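Observations on the three-dimensional arrangement
Given next are the chains, with one letter for each unit.
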Amino acid sequence: MSKHDDKIIVSDEKHAEAYNYDARANPQLADAGDFNDRTISVRDWVSSTFDDVPGQMLYYVKSLFPIATWIYRYNLTWFTGDVIAGLTVGAVVVPQSMSYALLAFMGPEYGLYSSFVGVFIYCFFATSKDVTIGPVAVMTLEVAKVITHVREIHGDTYSAPEIGSALALMCGAISIGIGLLRIGFILEFIPAPAVAGFVTGSAFTIATTQIPALIGVQKLFNTRDASYMVIINTLKHLPDAKLDAAFGFTALFALYFIRWALKKLTKRYPQHKRKFFFINVTRNGFVVIIVTLAAFLLTRNDPKGKARITILKDVPRGFRHVGPLRIDTPLVKAIMPHIPVATIILLLEHISIGKAFGRINDYKINPNQEVIAIGATNIIGTFFGAYPATGSFSRTALKSKSGVRTPAAGIITGLVVILALYALTEAFYYIPMAGLAAVIIHAVTDLMSHPRQLVVFWRVQPIEALIFLAAVFIIIFTNIENGIYVATGCSLGLLLWRIARPRGHLLGRLQVSDGRNTKDVWVPIDRRTINPDVKIENPPPGVVVFRPSESFTYPNASSQVDFIVDEVRRITKNGKHNAYPTLGDRPWNDPGPRSGVKAAEAALHDKRPVMRAVVIDFSAVATIDSTGIQSLVDARHQINKYADREVEFHFANIISPWVRRGLLAGGFGFGVPLRDFAEVAPVVEGNSSYSGSSSQQNNAETNDIKHRVKNYLTNTDYRDKRFKTQDEYDLNQAEKGGDGEDRWSAVVSNDTPFFHLDIPDLSLLPPDSLKKINADDSS
């Protein structure tokens with residue numbers, strides 16, 4: 001066995017070791033003596049997973065309250081940043097939350113309740129310093145739909161706040177369960193294009209429902225119809241517009257103009273960027289104050305209940321609705337059909353925002369813990385009369401830009417909301433509804449994806465661009481639920497298609513050089529990403545090299561092995577020159593020549609080689625199941641029968657010990673297939689073996705391999721069977737390659753010579769090493 005300093009080499013001492021890579025061994029690893037001969041077992045998995053149960057339970061409990069990991073390090077610098085951010089968000093959340101509550105058919109105070117509970121409770125469970133919990137436009141629209149649905153069934157039996165709080169309780173309980181079970185990963189099955197389409201369509205829907213309120217015609221038709229119908233009806237009633245339009249359009253224009261002007265000033269005077277930012281933040285409150293003052297001057301002398309414009313009127317002071325929730329079975333049954341969509345909206349928006357700002361500010365959130373935080377916030381909120389709350393994109397962005405340092409900023413925001421509830425409710429009386437509609441429209445338009453986002457989706461994956469468009473248009477022309485279901489269903493269907501129809505590649509050899517050294521790399525022969533001018537060598541005659549692009553599991557195993565078998569039949573010839581002498585001998589499904597003579601002549605003139613070996617690169621195979629093993633066993637049997645000999649199956653780059661275990665169980669890796677391993681799950685009793693084997697030599701080989709497979713799968717050290725003592729093993733190693741640091745050790749066990757660290761040098765494949773299948777085995 002040759003060796004060179006710090007290089008991996010190939011041993012060609014014998015066929016069994018012809019393709020295994022050896023490397024300079026770690027002496028401690030080599031002394032262990034059994035690292036190559038052991039395969040993973042259920043016992044290994046159990047011992048590694050439950051190695052410290054008390055410690056794991058303690059860690060789990062601590063992880064439920066992340067505040068304990070940072071609150072003891074709280075300092076004045078953090079406090080300063082949190083106060084500034086908390087006050088800034090508080091100035092925005094008060095008018096926004098009242099506007100959203102009105103969108104859900106509730107009094108404005110319920111929006112303040114939801115805001116207070118959201119920002120105050122979230123900080124105890126948060127793993128994100130930026131996220132702001134509270135009423136949001138999309139969730140509010142869904143709450144409004146649920147309230148409408150329940151009232152269609154039960155009339156006025158349940159009030160809007162009772163329905164909203166019941167929905168918050170049910171969604172919160174589901175969220176808590178998902179988080180505690182640590183299955184938040186299910187949200188990852190909803191991809192970015194579906195989320196973007198859902199948010200864009202929902203934002204458009206909310207904006208259209210507020211336009212009637214902007215011009216004062218909201219009571220003349222149903223604003224809960226599909227968006228396109230609301231637009232049509234709004235255009236029909238433009239002649240009926242009231243004085244509210246003056247307040248609404250003035251407020252909307254002012255909001256956009258102030259933002260535009262301050263952006264221009266920031267570019268012109270960058271030294272005052274911070275000042276302009278905080279002025280821009282207060283634009284919502286400033287505009288609401290101005291239009292409220294104007295409404296007061298206009299309507300102060302109007303008779304009570306007959307104001308010339310629609311105003312907010314009385315807002316109850318303080319927490320008037322604190323107490324247990326009224327909920328019963330009929331209410332639960334009425335809400336139940338909307339729970340899936342409401343929960344998806346609640347969690348998806350929050351997790352998306354948390355991850356986005358975690359990337360921006362260089363920290364990582366725990367999605368499962370964030371799901372628990374959402375659940376706890378909404379469950380506790382039901383005692384305050386709150387309706388479902390989740391992460392707000394606009395307020396989170398504002399909080400991040402304000403320099404927030406910890407989640408404790410939410411407490412400051414909560415104090416601002418309490419101040420509004422107890423000290424400012426009388427000032428809310430004259431707020432014009434058109435002004436609040438302008439605040440909502442201004443907020444939700446920022447959620448709509450820019451048209452260039454569609455271009456990005458198209459460039460990355462055209463099908464995903466179509467999913468984005470489908471979500472948007474279905475929401476606009478029907479409702480949010482249909483948009484979510486269609487977008488999610490199409491995305492899952494696309495995922496299943498990609499899994500079930502993977503694009504595996506046939507590989508060829510390409511020699512690359514850096515000017516000094518040359519090495520071989522194996523690349524797809526189809527040259528999709530390779531310079532078409534470079535030379536790619538096909539594998540040696542009679543050899544197929546295949547690299548799957550997905551795991552070998554039940555949806556795709558059959559299609560992948562069919563691809564291999566089809567390629568074998570395409571590039572190699574049948575091992576029998578006259579396999580079917582007569583027409584009656586030919587199988588019904590073989591469309592070959594009808595004449596046996598013509599078939600024999602065609603075989604004689606066939607210049608294709610006979611199949612010799614199949615090499616499968618498992619570098620992309622993370623898992624394999626029983627169906628995958630069965631498919632490989634079937635392919636081996638088909639190819640052996642077609643070639644009329646035992647074709648070698650080599651596996652390279654096996655990355656998972658469980659994949660290696662499965663291949664060993666299927667009889668792969670040893671070179672000679674197990675004669676009694678033809679089916680993992682036999683359909684007919686007694687049909688689990690290659691029939692008719694009478695070869696004593698084959699039986700001996702089979703028994704030996706069965707013994708070795710048993711030893712592997714039971715974690716018995718096969719090498720210890722050969723060396724009774726450690727001294728015998730050390731002596732044997734010293735005779736082979738020296739001692740100490742000069743010792744060489746196989747990276748992949750020599751007992752499994754058909755498993756390789758990388759694709760082997762196929763030129764070393766002995767051409768005459770393959771045995772003919774016995775005549776009585778060929779069936």
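Quick caveat, the model's predicted, so the values are computed rather than measured. (Residues numbered from 1 in each chain as written. Predicted model: local features only at pLDDT ≥ 70, side-chain atom pairs only at ≥ 80, totals over all residues. Heavy atoms only, no water.)

When helices and strands are counted, the protein chain shows 28 helices and eleven strands. Put simply, the protein chain has 779 residues, and 49% of those count as buried. In the protein chain, of all internal contacts separated by at least 6 residues, the share reaching a separation of at least 24 is 79%. Accessible surface, the protein chain as shown: approximately 38000 Å² in total, 60% of it carbon and sulfur. (Helix = DSSP H or I, 4+ residues; strand = E, 2+ residues; numbered from the N terminus. Buried < 20%, exposed > 50% of the residue type's maximum accessible area, 1.4 Å probe, protein only. Contact = heavy atoms within 4.5 Å. Areas by Shrake-Rupley, 256 points an atom, 1.4 Å probe, with all protein chains shown as cover.)

Another aspect to go through is the pairing of strand β8 (residues 613–617). In terms of residue burial, β8 counts as a mostly covered element, since five of its five residues are buried. Alternating positions in β8 separate into two faces, A613, V615 and D617 on one and V614 and I616 on the other, with burial throughout. As defined by bridge partners, strand β7 (residues 543–547) adjoins β8 across four bridges and the pair is classed as parallel. Within β8, the residue paired with V543 across the bridge is A613. One ladder, built from five bridges, connects β8 with strand β9 (residues 648–652); its direction is parallel. Considered in β9, the bridge of V614 is made with F649. (Pairing = 2+ DSSP bridges.)

Considering all chains together, one arrives at 26 aromatic pairs under this definition. Consider the rings of F649 and F668, whose centres lie 6.0 Å apart with planes at 55°: the pair is tilted. Of the two residues, F649 sits in strand β9 while F668 sits in the loop between α25 (657–665) and α26 (696–713), which places them 19 residues apart along the sequence. Here the aromatic cluster, defined as three or more aromatic residues joined through ring pairs, consists of Y110, Y113, F116, F120, F124, F319, F384 and Y422. (Phe/Tyr/Trp six-rings, centres within 6.5 Å; stacked < 30°, edge-to-face > 60°.)

With 21 residues, helix α21 (residues 480–500) extends 30 Å from end C-alpha to end C-alpha; this agrees with the ideal 30 Å at 1.5 Å per step. For α21, the complete set of buried residues consists of I480, E481, G483, I484, A487, T488, S491, L494 and A500. Looking at the buried side of α21, the elements it contacts are α6 (137–154), α8 (192–215), α14 (339–360), α20 (462–477) and α22 (557–571). The opening residue of α21 is N479, an N-cap whose side-chain oxygen sits 3.2 Å from the backbone nitrogen of E481. (Expected span 1.5 Å × (residues − 1). Polar contact = N/O pair within 3.5 Å; in protein donor to acceptor, adjacent residues only side chain to side chain.)

Let's shift gears to the pattern of salt bridges. All told, the structure shown has eight salt bridges when counted by the stated rule. Measuring nitrogen to oxygen at the nearest pair gives 3.1 Å for the salt bridge that ties D130 to K129. Overall, D130 belongs to the buried group, its relative accessible area being 0%. (Salt bridge = Lys/Arg side-chain N within 4 Å of Asp/Glu carboxyl O.)

A cluster of basic residues, K263, K264, K267, K273 and K401, forms a positive patch at the surface. Looking at the positive patch, the element that brings in the most residues is helix α10 (residues 244–268), giving three residues. Within the fold, K273 resides in helix α11 (residues 273–281). (Patch = residues over 30% accessible without salt bridge, like charges linked within 9 Å, V, L, I, M, F, W, Y side chains within 5 Å. Lys, Arg positive; Asp, Glu negative; His and termini not counted. Charge placed at Lys NZ, Arg CZ, Asp CG, Glu CD.)

Here helix α4 (residues 76–103) crosses helix α16 (residues 393–401) at 170°, and the two axes come no closer than 9 Å. Our classification of the angle between α4 and α16 gives roughly antiparallel. Where α4 crosses over α16, the two elements pack in a sense that is right-handed. For the pair α4 and α16, contact is made by A85, T88, V89, V92, V93, Q96 and Y100 and by S394, R395, L398 and K399, respectively. The residue inventory of the contact of α4 with α16, partitioned by class, reads six nonpolar, three polar and two charged. (Axes fitted to C-alpha atoms, helices over the stretch in contact; angles between N-to-C directions. Parallel < 35°, antiparallel > 145°, perpendicular 65-115°, else oblique. Left-handed = near helix turned anticlockwise from the far one by under 90°. Nonpolar A, V, L, I, M, F, W, Y, C, P; charged D, E, K, R; others polar.)

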